[in-house]
Amino acid sequence: MNIKKSIAILSAKSAIILGKLLGKKGSSAPGSLAMKIYPNILKELSSDITEKIICVCGTNGKTTSTNLIYSLLTNEGKKVVCNNVGANMLPGIACAFIKDAKITGKLNADYAVLECDEASLRHIANHINIDKVLVTNLFRDQLDRYGEIELTAGLLDEAFQKIDGVQLILNADDPISSYFGKKYNSLYYGINYEDKSDNHDIKEGKYCPECKSELVYTNHYYSQMGIYKCSKCEFSRKEPDYLADAVDMSKGLKFDILYRKNKQTIDVDYKGFYNIYNILGAFSVYESLGMVQKSSNQLLIHTSLR
């Protein structure tokens with residue numbers, strides 16, 4: 001047993017308990033404490049994951065998507081490390097692993113599902129061997145933290161370059177995040193929906209990430225999301241591997257997910273077009289792990305969202 005590692009875990013666990021008593025949720029301070037005592041703690045604990053490590057990034061929807069994936073996997077009986085309290089920078093990720101670790105320094109878990117801050121992923125990748133990254137979307141409301149969307153995309157690209165063999169799960173309807181598929185092994189998810197409203201004002205992300213020409217939309221959902229192609233070069237929306245079709249929002253959310261010549265119907269008492277993306281992204285990760293059970297998936301997603 002590594003005494004220094006055990007002291008780091010014990011100190012962090014004590015700090016977690018103290019934080020709960022003080023009413024602090026999602027604190028990353030225990031993780032910072034542990035990494036000061038034993039800098040390799042995250043690298044060593046994450047190496048105990050027996051299956052896959054999945055990270056979730058993006059401007060909107062990453063907390064919901066993380067919790068959905070976590071619920072789907074735990075409902076399969078899997079042991080999952082997850083920072084579902086929202087501390088998504090490096091110390092918070094360390095805290096999530098330490099919380100589930102034994103004082104002896106060992107961790108018994110099948111998967112890790114981690115919400116990650118976009119600017120922090122490049123640092124997290126120095127400590128963890130990441131297998132999959134779900135990118136929900138990249139919108140302008142990150143401006144106050146990182147500046148232009150292009151800067152945020154650049155920070156993510158820096159992280160992806162560090163991750164050998166990473167598989168990205170990308171939102172095909174977002175031209176900015178889907179552009180990562182040009183460089184990395186990727187799967188895509190998207191929606192087939194005819195928006196009959198008059199709200200088609202694309203304020204951000206309406207230019208081609210390849211040649212900077214204006215994008216032309218044949219179907220627009222909101223912000224830069226939709227079905228698009230470049231007015232000058234060959235860049236266009238990728239054909240989704242996971243497609244939400246037959247969307248009905250008259251009572252909650254009902255739609256079919258078409259994938260690999262299969263169909264899964266989702267029918268949940270939940271509002272918001274954006275939640276189709278959250279469900280679809282989580283389903284894409286889940287199915288890519290080879291774990292979809294048609295008889296139970298609808299109930300699992302319903303339980304996760306509730």
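For the structure, see preceding data.
Per-chain numbering applies: the sequence of each chain, read as written, is numbered from 1 onward. Selection of residues for local features in this predicted model requires a pLDDT of at least 70, selection of side-chain atom pairs for listing and counting requires 80 or more, and totals for whole chains, interfaces and linings are taken over all residues. Heavy atoms from the whole structure form the basis of all side-chain values; hydrogens and water molecules are not counted.

Here's the deal with the overall build of the protein
Thinking step 1. Secondary structure elements are defined from DSSP: runs of H or I of at least 4 residues count as helices, runs of E of at least 2 residues count as strands, and each element is numbered from the N terminus. Looking only at helices and strands, the protein has eleven helices and eleven strands in total.
Thinking step 2. Relative accessibility decides the category of a residue: with a 1.4 Å probe and only protein chains considered, values under 20% of the type maximum give buried, values over 50% give exposed, and everything between is partly exposed. Looking at the protein residue by residue over its 306 residues, the buried ones come to 54%.
Thinking step 3. Within the protein, contacts between residues at least 6 apart in sequence are counted, and of these 67% link residues at least 24 apart.
Thinking step 4. Total accessible area computed for the protein in this model is approximately 14,100 Å², and 48% of it derives from carbon and sulfur atoms. We call two residues in contact whenever any of their non-hydrogen atoms come within 4.5 Å of each other. Every accessible area reported is derived by Shrake-Rupley at a probe size of 1.4 Å, with residue values counting cover from the shown protein chains alone.

A few points about unusual backbone geometry
Trans is the prevailing form of peptide bonds, just as negative phi is the prevailing case for residues other than glycine.
Thinking step 1. With a phi close to 70°, Lys 212 is a non-glycine residue in the positive phi region.
Thinking step 2. Residue position: Lys 212 is located in the loop between β6 (186-191) and β7 (215-222).
Thinking step 3. According to the relative accessible area criterion, Lys 212 is exposed, its value standing at 54%.

A short note on the environment of Cys 208
Thinking step 1. Its place among the elements puts Cys 208 in the loop between β6 and β7.
Thinking step 2. With 23 residues separating them in the primary sequence, Cys 208 and Ser 231 have C-alpha atoms 8.4 Å apart.
Thinking step 3. Sequence-distant contacts of Cys 208, defined by excluding residues within four places in its chain, comprise Ser 213, Leu 215, Cys 230, Cys 233 and Phe 235.

Let's talk about the nonpolar core
Thinking step 1. One finds Phe 97, Leu 121 and Val 133 to be the most contacted residues of the largest nonpolar core, which totals 48 residues.
Thinking step 2. Leaving out residues up to four positions away in the same chain, Val 133 has contacts with Cys 55, Cys 57, Leu 121, Phe 160, Val 166, Gln 167, Leu 168 and Ile 169.
Thinking step 3. Among buried residues, those of type Ala, Val, Leu, Ile, Met, Phe, Trp, Tyr and Cys that are joined through side-chain atoms within 4.5 Å constitute a nonpolar core. The next biggest cluster of nonpolar side chains, apart from the first, holds 37 residues, and it includes Leu 68, Leu 73, Phe 139 and Val 268.

Notes on a nonpolar patch on the surface
Thinking step 1. Exposure above 30% relative accessible area and no salt bridge define the residues that can form patches, which grow by joining like charges within 9 Å and nonpolar side chains of Val, Leu, Ile, Met, Phe, Trp and Tyr within 5 Å. Just to be clear on terms, a salt bridge is a Lys or Arg side-chain nitrogen sitting within 4 Å of an Asp or Glu carboxyl oxygen. A surface patch of nonpolar side chains, about 450 Å² in accessible area, is lined by Ile 17, Leu 18, Leu 21 and Leu 22.
Thinking step 2. Assignment of secondary structure puts Leu 18 in helix α1 (residues 3-21).

Some words on the pairing of strand β3 (residues 111-115)
Thinking step 1. Burial analysis of β3 places five of its five residues in the buried class, the great majority of the element.
Thinking step 2. By the alternation rule, side chains of β3 split into Tyr 111, Val 113 and Glu 115 and Ala 112 and Leu 114, which are all buried.
Thinking step 3. Strand pairing follows a simple DSSP-based rule, namely that at least 2 bridges must link the two strands. Sheet topology note: the strand β1 (residues 53-57)/β3 ladder contains four bridges and is parallel. Residue pairing in the sheet places Val 56 in a bridge with Glu 115 of β3.
Thinking step 4. Relative to β3, strand β2 (residues 80-82) is paired through three bridges, and the arrangement is parallel. The partner of Val 81 across the bridge, within β3, is Ala 112.

Some details on the packing of helix α4 (residues 62-74) against helix α10 (residues 274-288)
Thinking step 1. Throughout, an axis means a line fitted to C-alpha atoms (over the contacting stretch in the case of helices), and angles, computed between N-to-C directions, take values from 0 to 180 degrees. Where α4 contacts α10, the axes come no closer than 9 Å and their chain directions differ by 45°. One way to sum up the angle between α4 and α10 is to call them oblique. For the pair α4 and α10, the sense of crossing is right-handed. Along its contact with α4, which presents Thr 64, Ser 65, Leu 68, Ile 69, Leu 72 and Leu 73, the element α10 presents Asn 275, Asn 278, Ile 279, Ala 282, Val 285 and Tyr 286. Note on terminology: angles under 35 degrees are roughly parallel, angles over 145 are roughly antiparallel, angles of 65 to 115 are roughly perpendicular, and the others are oblique. The crossing is said to be left-handed when, going from far helix to near helix, the turn is anticlockwise and less than a right angle, and right-handed when the turn is clockwise.

Focus: the sheet that holds β2
Thinking step 1. Taken together, the nine strands give an open sheet; going across it, the order is β2-β3-β1-β4-β5-β6-β9-β10-β11, and neighbouring strands pair in mixed fashion. At either end of the open sheet lies a strand with only one pairing partner, and these are β2 and β11 (262-268). Sheet twist, expressed as the mean angle between neighbouring strand axes with direction ignored, is 15°.
Thinking step 2. Here strand β10 (residues 253-259) runs beside β11; their pairing, made up of seven bridges, is antiparallel. Directly across from Tyr 259, in β11, lies its bridge partner Asn 262.

Focus on the packing of α1 against helix α2 (residues 29-37)
Thinking step 1. The geometry of α1 relative to α2 is characterised by a closest axis approach of 8 Å and an angle of 165° between their N-to-C directions. One way to sum up the angle between α1 and α2 is to call them roughly antiparallel. Judged by the sense of rotation from one axis to the other, the crossing of α1 with α2 is right-handed. In this structure, α1 contributes Lys 4, Ile 7, Ala 8, Ser 11, Ala 12, Ala 15 and Ile 16 to the contact, and α2 contributes Pro 30, Leu 33, Ala 34 and Ile 37.
Thinking step 2. Note that Gly is not counted as nonpolar here; it falls among the polar residues with everything else outside the nonpolar set of Ala, Val, Leu, Ile, Met, Phe, Trp, Tyr, Cys and Pro and the charged set of Asp, Glu, Lys and Arg. The class makeup of the residues in the contact of α1 with α2 is nine nonpolar, one polar and one charged.

Overview of the packing of aromatic side chains
Thinking step 1. Each aromatic pair joins two rings of Phe, Tyr and Trp (for Trp, the six-membered one) with centres within 6.5 Å, and gets the label stacked for planes under 30 degrees apart, edge-to-face for over 60, and tilted for any other angle. Taken as a whole and judged by the stated rule, the model has 15 aromatic pairs.
Thinking step 2. Taking the centre distance of 6.4 Å and the plane angle of 55° together, the rings of Tyr 193 and Tyr 221 count as tilted. Of this pair, Tyr 193 sits in the loop between β6 and β7 while Tyr 221 sits in strand β7, placing them 28 residues apart in sequence.
Thinking step 3. Ring centres of Tyr 242 and Phe 283 lie 6.3 Å apart, and the angle between their planes is 75°; this geometry places the pair in the edge-to-face category. Taken together, the residues Tyr 242 in strand β9 (residues 242-248) and Phe 283 in helix α10 connect sequence positions 41 residues apart.
Thinking step 4. Look at Phe 283 and you get buried, because its relative accessible area is 0%.
Thinking step 5. In textbook terms, an aromatic cluster arises when at least three aromatic residues are bridged by ring pairs, as seen for Phe 139, Tyr 193, Tyr 221, Tyr 222, Phe 273 and Tyr 277.

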